[in-house]
Amino acid sequence: MGHGSSGAHTAPPTSPAPQAPRAAVRERIGRLAREVVKFGAVGGAGVLVNLLVFNLVRHATDLAVVRASIIATVVAIVFNYLGFRYFTYRDRDKGRRTREMSLFLVFSAVGLVIENGVLYTATYGFGWDSPLQSNIFKFLGIGLGTLFRFWSYRTWVFRTLPAREPVTRAETFLEHEQPTAMRTTDGTPAAHR
């Protein structure tokens, strides 16, 4: 017989390289990337709300710069909570809404201090109070506050749900789910007799 004509000389099956750890890492990175994109979308809209309200209050009233900024930050915090709860973290645990809201407000207040501390320092520490300078330092403060908020919201406020164990064998799952009347005396399913 010729080479390979009978099929008797088949190559031994090769075992696949362990891909589970790589796949798990890829999945985690993918989930984090999606979360960052969603957080960024809500946060970006929140930055626009924050800057628009800041400039509106600053130019329509006689309030001091930092007070106008605090008002804008509070409006953006409310906007962001709704966006985070119902868009970015909608799949997260919703069981303890009071705890979630309390932690959100605490971490948002810390973010407010970071954000407006930068503006306060620029305005009253260095005398940089022109509209352009105020917007630059407001934006810089928002950026620093956002880094803190991202970490704290995902870690403490919008908690992940516990992971479910995958069903490794469908037979095992089905055996445990069948009523006892459907089993024989030796414990095997009646359909397998």
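All values reported here derive from a predicted model rather than from experimental measurement. (Residues numbered from 1 in each chain as written. Predicted model: local features only at pLDDT ≥ 70, side-chain atom pairs only at ≥ 80, totals over all residues. Heavy atoms only, no water.)

J.: In this structure, what is going on with the side chain of Glu115? I would like to understand it.
T.: Considering the arrangement of structural elements, one finds Glu115 in helix H3 (residues 97-126). Accessibility expressed as a relative area gives 1% for Glu115, which makes it buried. (Helix = DSSP H or I, 4+ residues; strand = E, 2+ residues; numbered from the N terminus. Buried < 20%, exposed > 50% of the residue type's maximum accessible area, 1.4 Å probe, protein only.)

J.: Whenever I open this one, the side chain of Thr73 confuses me. Can you help?
T.: By secondary structure assignment, the location of Thr73 is in helix H2 (residues 65-88). Judged by its relative accessible area of 1%, Thr73 falls in the buried class. Within the local environment of Thr73, its side chain forms a polar contact with the backbone oxygen of Ser69, the two atoms lying 2.8 Å apart. Here Asn116 takes part through its side chain, which lies 3.4 Å from a polar atom of the side chain of Thr73. When sequence neighbours within four positions are dropped, the list of residues in contact with Thr73 reads Asn50, Leu112, Glu115, Asn116, Lys138 and Arg149. (Polar contact = N/O pair within 3.5 Å; in protein donor to acceptor, adjacent residues only side chain to side chain. Contact = heavy atoms within 4.5 Å.)

J.: Sorry, what's going on with the nonpolar core here?
T.: Within soluble globular proteins, side chains that are nonpolar tend to cluster in buried spots. Of all hydrophobic cores here, the largest spans 13 residues; its most connected members are Phe39, Phe84, Tyr89, Phe104, Tyr153, Val157 and Phe158. Taken together, the elements giving at least two residues each to this core come down to helix H1 (20-60), H2, H3 and helix H4 (131-157). Filtering out sequence-adjacent residues up to four positions away, Tyr89 remains in contact with Glu35, Phe39, Phe84, Phe150, Arg154 and Phe158. Membership of the second largest hydrophobic core comes to 10 residues, among which are Ala68, Val118, Leu119 and Ala122. (Core = buried A, V, L, I, M, F, W, Y, C linked by side-chain atoms within 4.5 Å.)

J.: Would you explain the pattern of salt bridges in this entry?
T.: Opposite charge on two side chains permits pairing when their charged atoms draw close. For the structure on display, the rule yields 8 salt bridges. Residue Glu100 pairs with Arg97 through a salt bridge whose shortest N-O separation is 3.8 Å. On the criterion of helical spacing, the pair formed by Glu100 and Arg97 is a turn pair, its members being 3 residues apart in helix H3. A residue is classified by how much of its surface remains accessible, and Arg97, at 30% relative accessible area, is partly exposed. Residue Lys138 pairs with Glu115 through a salt bridge whose shortest N-O separation is 2.6 Å. In this pair, Lys138 sits in helix H4 while Glu115 sits in helix H3, placing the two residues 23 residues apart along the sequence. (Salt bridge = Lys/Arg side-chain N within 4 Å of Asp/Glu carboxyl O.)

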